[in-house]
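# Fold and contact review
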Amino acid sequence: MKTYAVIGLGKFGFHIAKGLAEQGMDIIAIDNDPHKIQLISDHIEDALILDSTDIKALQEAGVVGLDTVIISIGENIEASILTLMALKELDNKTIIAKAITLTHGEILARLGAFKVIYPERESAKKLVENLVGNVVIDQIDFSSTIKIAKFTVTKSLMGKMVQEIELMFENEIHLIACKTRDNWTFDVDKTYKVRENDMLSFIGKKAFIEKLRNLTKEES
Ligand code: ATP
């Protein structure tokens, strides 16, 4: 039984489908444009021309009870919504849907998409962060509410104990690692006083990680 389906093989969906196939995943690729199907069929055996808003066509294609389905239809919001509804009705489990506007994303989330992604927005944000660089060197969205991020110690943190920094952010962040003089430590004592140029890696609620980020950004 197939475990993945990718619906909509535009610029984004094509690379998702190709990437999953390259990782050896068993996948169904779907688009209503024969040209898109022709392009992906070099990489995926099970590539089908069909209208994904048509529940019967999805059923016949075996898009039923799959583990993960990615909807990569952006411009045609109506088709994206109807596709999600059909997929839910066919008992597909984890549905990840691309959105092009926040309203589009909100509708998809309310209709039960497991995760909504904004590819252009997210990759632009990543690029800006990489360009601005030296404050947050790296960060990961661990879930929709939790983030992991690395910070370089700035003026208002210097000399503070780890427990004091955590308390500044209502104990909603937790230090997971500290790099000092080129050495990473993972069991940092809460009474350790952070030094200039230390690198701190925190896990915590997104809002508090953002607050810490803004603080270090202002001071860098
Ligand atoms: P991208 O930026 O990834 O190229 P996009 O955001 O512009 O895509 P669309 O152009 O709306 O999104 O659609 C992406 C793909 O989904 C296209 O290849 C299109 O043919 C396909 N598609 C749109 N509607 C349907 C549908 N009802 N059934 C199947 N495929 C569809």
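Small disclaimer: the values here were computed from a predicted structure and weren't measured.

Domain boundaries in the chain define domain 1 (3–117) and domain 2 (122–219). For domain 1 versus domain 2, the distance between C-alpha centres works out to 37 Å.

In this section: helix α4 (residues 77–89). Working note: α-helix, 3.6 residues per turn, so residues spaced by three or four point in the same direction. Taking 1.5 Å per residue, 13 residues should reach 18 Å; α4 reaches 19 Å between its end C-alpha atoms and fits that length. In this structure, the buried residues of α4 make contact with β1 (4–7), α3 (55–60), β4 (68–71), β5 (94–98) and α5 (102–110). Once α4 ends, the next one or two residues include aspartate 91, with phi positive near 65°.

Turning to the pairing of β1, a few remarks are in order. The side chains of a regular strand alternate between the sheet's two faces. Summarising the sheet, β1 and strand β2 (residues 27–31) pair through 4 bridges and their orientation is parallel. Directly across from alanine 5, in β2, lies its bridge partner isoleucine 28. The pairing of β1 with β4 spans 4 bridges and is classified as parallel. Within the sheet, the bridge partner assigned to alanine 5 lies in β4 and is valine 69.

Let's shift gears to the pairing of β2. Counting buried positions over the 5 residues of β2 gives 5, a clear majority of the element. Neither face of β2 is exposed, since Ile27, Ala29 and Asp31 on one face and Ile28 and Ile30 on the opposite face are all buried. With helix α1 (residues 11–22) bridging β1 and its parallel neighbour β2, the resulting β-α-β unit is right-handed. Across 3 bridges, β2 lies against strand β3 (residues 47–49) in parallel orientation. If you follow isoleucine 30 over to β3, its bridge partner there is leucine 48. For the crossover that starts at β2, traverses helix α2 (residues 34–40) and ends in the parallel β3, the hand is right-handed.

Reading guide: rules and limits
All chains use their own residue numbering, which begins from 1 and follows the written sequence. Given that the model is predicted, a residue must reach a pLDDT of at least 70 before its local features are reported, and side-chain atom pairs must reach 80 or more before they are shown or counted; all residues, however, enter totals for whole chains, interfaces and linings. With hydrogens and water stripped out, all remaining heavy atoms of the structure feed into the side-chain values. Each domain span listed reflects an automatic or database assignment of domains. Under the DSSP-based scheme used, a helix requires at least four consecutive residues in state H or I and a strand at least two consecutive residues in state E, with every element numbered from the N terminus. Every helix has an expected span of 1.5 Å times one less than the residues it contains. Whether two residues are in contact is decided by their heavy atoms: any pair within 4.5 Å suffices. When DSSP finds two or more bridges between two strands, those strands count as paired. Exposure is judged per residue with a 1.4 Å probe applied to protein chains only, and the accessible area is read against the type maximum: over 50% gives exposed, under 20% gives buried, and values in between give partly exposed. By the criterion used throughout, a crossover qualifies as right-handed when its path from the first strand across the helix to the second strand runs clockwise, the strands pointing away from the viewer.

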